[in-house]
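Structure at a glance
Here is what each chain is made of, one letter per residue.
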Amino acid sequence: MSPLRTFIVEDNKVIYDNLVSTLQELANVEVVGHARNETEAVNWLSETDGDDDRFDLMIVDIFLLTGSGLGVLKAAQDAHLPGRRVVLTNYATPDIRKRCAQLGADRVFDKSCELEDLISYCERISDGSATAPGDLQ
């Protein structure tokens, strides 16, 4: 099975490094891009060179060095990019979850208590046991 091509938007280097190593080890994830702020992420998303399916999964933090993960989700939504979009944040409030869903996020995971759920989510996409975002609620 092919690795899950993943674009990660995370500004904290320690969290990013730990997330990458965990997902690569446990969920057959290949990181194809990384951004630390909204501008970098939007630029990466817009540099498709006609290849609008450069990622299978985008993992986005909400609070970034500059800008917001909400702006990244909006850019991906406006560009009609294929691929699943999830949010990994310390602020998984009901309001944030609702706003992220409105911007096209398939799921919102709380960094403090839902990392295992994110890993399971990635495993199910990677191994083909889930075929649509609704299969992963």
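Our subject in this report is the structure included herewith. Being a predicted model, the structure only gives us computed values, none of them experimental.

What counts, and where the lines are drawn
- What you see as residue numbers is a count from 1 along each chain, following the sequence as written.
- In keeping with the model being predicted, local features are shown solely for residues with a pLDDT of at least 70 and side-chain atom pairs are shown and tallied solely at 80 or more, while totals for entire chains, interfaces and linings include all residues.
- Here the side-chain values reflect all heavy atoms present in the structure, with hydrogen atoms and water set aside.
- In this analysis a 1.4 Å probe is tested at points of a 1 Å grid over the protein atoms alone, and where it fits but cannot get out there is a cavity; an open set with protein on both sides within 12 Å along at least five of seven lines is a pocket; lining residues have an atom within 4 Å of a point.
- Grid points are joined across faces, edges and corners, and a volume is the space filled by probe spheres set on the points.
- Each helix corresponds to a stretch of at least 4 residues labelled H or I by DSSP, and each strand to a stretch of at least 2 residues labelled E; elements are numbered beginning at the N terminus.
- Note on residue categories: nonpolar means Ala, Val, Leu, Ile, Met, Phe, Trp, Tyr, Cys or Pro, charged means Asp, Glu, Lys or Arg, and polar means any other residue, Gly included.
- Between any two strands, pairing holds if DSSP finds at least two bridges.
- Helix axes are fitted only over the stretch in contact, all axes being lines through C-alpha atoms; the angle between N-to-C directions runs from 0 to 180 degrees.
- Contacts were defined at the residue level, with two residues in contact if any of their heavy atoms lie within 4.5 Å.

Once that is clear, we can look at the layout of surface pockets. Summary: where empty space remains is shown by rolling a probe the size of a single water molecule over the atoms. Approximately 160 Å³ is the volume attributed to the largest pocket. Along the walls of the largest pocket sit Val14, Ile15, Asn18, Leu19, Thr22, Leu88, Lys111, Leu115 and Ile119, which together make up its complete lining. Here the lining of the largest pocket takes five residues from helix 1 (residues 13-27), the largest share from any one element. Taken together, the residues of the lining of the largest pocket sort by class into six nonpolar, two polar and one charged.

Ordered in space as 2-1-3-4-5, the five strands form an open sheet in which the pairing is parallel. The open sheet has two edge strands, strand 2 (29-35) and strand 5 (107-110), and neither has a second partner. The mean inter-strand angle of the sheet, taken between neighbouring strand axes irrespective of direction, is 25°. By the bridge criterion, six bridges tie strand 1 (residues 4-9) to strand 2 in an arrangement that is parallel. Among the inter-strand pairings, Thr6 is bridged to a residue of strand 2, identified as Val31. Strands strand 1, strand 2, strand 3 (57-60) and strand 4 (84-89) of the sheet are contacted by helix 1, whose axis makes an angle of about 160° with strand 2.

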